[in-house]
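Summary of the model geometry
Here is what each chain is made of, one letter per residue.
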Amino acid sequence: MDMVLAEACRNDVSKFCSAVEPGEGRVHKCLREHAAQLAPQCRKEELHLEEKEAESVQMSVSLLKTCANERRLFCRGVLPGSARVFRCLASNMASADFGRPCEGMILQKLKRRDANWRLDPPLRKACMGDVDRLCSQEDSLRSDTGAVKKCMISEQTELSPGCQRELGRSLHMSFVVWQPKGLLTAPCDGDIQKYCLSQAPGTEVAPGAVSNCLAEIVDRMSRSGLPNRRRLLAAAKGAEQHQQQQQQQQQQ
């Protein structure tokens, strides 16, 4: 823990994490679990560190240790930086050789990205100007409620092409790890239950199964007359091809 963060969080560590053994990111994990209760400066510094960890896997000791085998199996040639290793790991979660501990950590970090758009480096880079222009009020709140991504979804037609692509990729991953009442995917819960889960019980257990199901039925769903749902589903389908292209580039 660097000096600035240690000083800002000294009282909160004593209050919430005194029983946590330091090392391998355990104290940071504890602080983030109590994010809503942290002092403002501690919460700010902890979020700043979390943004750095999102940028490069080298900054996250716990992820490096938990996902060491998966990184060796699936992402050996992927260079750290710009969240490339994380995106490689996330795109391979459905593999039978992908360990459950690593899967759990990737899922947790993907949920954090849904909650806070700044923890998705490629999205942040592509959409910073759009957010300043269209969603500055939501961004100023620095909340963990998905407010900025929801704003971008509602303003999708006004986004720059690069931001639209990254938002589509980000939403696709939200459907890959779908769970009921998700911050961004809740508008589709009824359709997912009707068209995916009722047809194939247990679909929600396998990463990517729900997003694949939605991609297959997106044309029918787009005629349902529900604009928000149509945009989300179209993003899920469009991002699938984008993700496949990324995987091909990683293998080159």
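Look up: the structure comes first, before these words.
Residues numbered from 1 in each chain as written. Predicted model: local features only at pLDDT ≥ 70, side-chain atom pairs only at ≥ 80, totals over all residues. Heavy atoms only, no water.

**Quick word on the nonpolar core**
- Judged by nonpolar contacts, the single largest core of 19 residues is most densely connected at Leu-63, Cys-67, Leu-89, Met-93, Phe-98, Ile-106 and Leu-110.
- At the level of secondary structure, the elements contributing two or more residues to this core comprise helix H7 (84-91), helix H8 (100-115) and helix H12 (161-176).
- At five residues, H7 tops the list of elements feeding residues into this core.
- When residues no more than four places from it in sequence are discounted, the contact partners of Ile-106 are Leu-63, Cys-67, Phe-86, Leu-89, Ala-90, Met-93 and Phe-98.
- Val-131, Ile-153, Leu-167 and Leu-171 belong to the second-largest nonpolar core, a separate cluster that totals 14 residues. (Core = buried A, V, L, I, M, F, W, Y, C linked by side-chain atoms within 4.5 Å. Buried < 20%, exposed > 50% of the residue type's maximum accessible area, 1.4 Å probe, protein only. Helix = DSSP H or I, 4+ residues; strand = E, 2+ residues; numbered from the N terminus. Contact = heavy atoms within 4.5 Å.)

**Brief notes about the pattern of salt bridges**
- Using the criterion set out here, one finds 18 salt bridges in the structure.
- The partner of Glu-33 in a salt bridge is Lys-29, and the shortest N-O contact between them spans 2.6 Å. Linking Glu-33 with Lys-29, this pair stays in helix H3 (residues 26-33), spanning four residues, or about one helical turn.
- According to the relative accessible area criterion, Glu-33 is exposed, its value standing at 52%.
- Accessibility expressed as a relative area gives 51% for Lys-29, which makes it exposed.
- Among the ionic pairs, Arg-32 bridges to Glu-46, the shortest N-O distance being 2.8 Å. Of the two residues, Arg-32 sits in helix H3 while Glu-46 sits in helix H4 (residues 40-55), which places them 14 residues apart along the sequence.
- Using a relative accessible area of 22% as the deciding quantity, one classes Arg-32 as partly exposed. (Salt bridge = Lys/Arg side-chain N within 4 Å of Asp/Glu carboxyl O.)

**What about the layout of surface pockets?**
- Approximately 590 Å³ is the volume attributed to the largest pocket.
- Contributing to the lining of the largest pocket are 25 residues, with Gly-25, His-28, Lys-29, Arg-32 and Ser-62 lying nearest its centre.
- Elements represented by at least two residues in the lining of the largest pocket include exactly H3, H4, helix H5 (61-66) and H8.
- With six residues, the single largest contributor to the lining of the largest pocket is H3.
- A breakdown of the residues in the lining of the largest pocket according to their chemical character gives seven nonpolar, eight polar and ten charged. (1 Å grid on protein atoms, 1.4 Å probe; cavity = no way out; pocket = protein on both sides within 12 Å on 5 of 7 lines; lining within 4 Å. Points joined across faces, edges and corners; volume = space filled by probe spheres on them. Nonpolar A, V, L, I, M, F, W, Y, C, P; charged D, E, K, R; others polar.)

**Some points on the packing of H7 against H8**
- Remark: H7 packs on H8, axes separated minimally by 10 Å, with the N-to-C direction vectors making an angle of 115 degrees. Relative to H8, the element H7 lies roughly perpendicular. In this structure, H7 crosses over H8, and the sense of that crossing is left-handed. Together, Phe-86, Leu-89 and Ala-90 of H7 and Ile-106, Lys-109, Leu-110 and Arg-113 of H8 make up the contact between the two elements.
- Taken together, the residues that form the contact of H7 with H8 break down as five nonpolar, no polar and two charged. (Axes fitted to C-alpha atoms, helices over the stretch in contact; angles between N-to-C directions. Parallel < 35°, antiparallel > 145°, perpendicular 65-115°, else oblique. Left-handed = near helix turned anticlockwise from the far one by under 90°.)

Any functional reading would require information beyond the geometric quantities listed.
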